[in-house]
Amino acid sequence: MEALFKDILSINGVHSIVLLSGEGRVVYDSEAGKKQGASQRYTNWRKLLEAIHDAREADFVFENGRIYLRRSDRGYLLVSMHPFASIAMVKLNCDIVLPKLNSSKDSK
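Throughout what follows, the structure given in this document is the object of discussion.

Conventions adopted
Residues numbered from 1 in each chain as written. Predicted model: local features only at pLDDT ≥ 70, side-chain atom pairs only at ≥ 80, totals over all residues. Heavy atoms only, no water. Salt bridge = Lys/Arg side-chain N within 4 Å of Asp/Glu carboxyl O. Buried < 20%, exposed > 50% of the residue type's maximum accessible area, 1.4 Å probe, protein only. Helix = DSSP H or I, 4+ residues; strand = E, 2+ residues; numbered from the N terminus. Arc of directions from axis to C-beta. Contact = heavy atoms within 4.5 Å. Pairing = 2+ DSSP bridges.

**Side note on the pattern of salt bridges**
So, point 1. Taken as a whole and assessed by the stated rule, the structure comprises four salt bridges.
So, point 2. A salt bridge links Asp59 to Arg66, with the nearest nitrogen and oxygen atoms 2.5 Å apart.
So, point 3. Look at Asp59 and you get partly exposed, because its relative accessible area is 33%.
So, point 4. In this structure, the salt-bridge partner of Arg70 is Asp95, at a minimum N-O distance of 2.6 Å. Highlighted residues: Arg70 in strand β4 (residues 66–72) and Asp95 in helix α3 (residues 87–107), separated in sequence by 25 residues.

Spelled out as structure tokens, the structure:
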């Protein structure tokens with residue numbers, strides 16, 4: 001799955017990618033294995049998913065970072081980035097990756 005997200009991760013300012021199931025369970029974390037306890041970071045995503053409910057996409061901008069969330073057939077894709085990273089490039093790459101991600105689900 002890492003190869004699928006390499007273009008997004010190569011965008012200047014992108015920190016990590018997390019793929020969540022529709023229930024909020026972490027399916028993929030680009031930081032898992034890189035840092036001690038990285039999988040512990042994402043423990044309560046279900047509440048966020050309940051809050052956004054049926055939104056197709058959301059962009060959360062904070063003082064020191066930004067999270068872009070995109071819904072797909074397979075769940076939710078979250079991209080963590082610097083606040084000034086190119087959101088247009090992130091969205092474009094997500095548009096390219098999500099059909100591949102959904103088709104990989106169908107082939108399993």
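**Digging into helix α2 (residues 45–52)**
So, point 1. Those residues of α2 that sit buried are Trp45, Leu49 and Ile52. Looking straight down α2, one finds that the buried residues subtend no more than 70° of arc, so they occupy a single side. α2 presents Lys47, Glu50 and Ala51 as exposed residues on the side facing more than 90 degrees away from its buried surface.
So, point 2. Of the surrounding elements, those touching the buried residues of α2 are β1 (14–20), β2 (26–29), β3 (57–61), β4 and β5 (75–81).
So, point 3. In the stretch just after α2, His53 is the one whose phi turns positive, near 45°.

**Notes on the pairing of β3**
So, point 1. Sheet topology note: the β3/β4 ladder contains five bridges and is antiparallel. Within β4, the position partnered with Val61 by the bridge is Arg66.
So, point 2. Connecting the antiparallel pair β3 and β4 is a turn made up of four residues.

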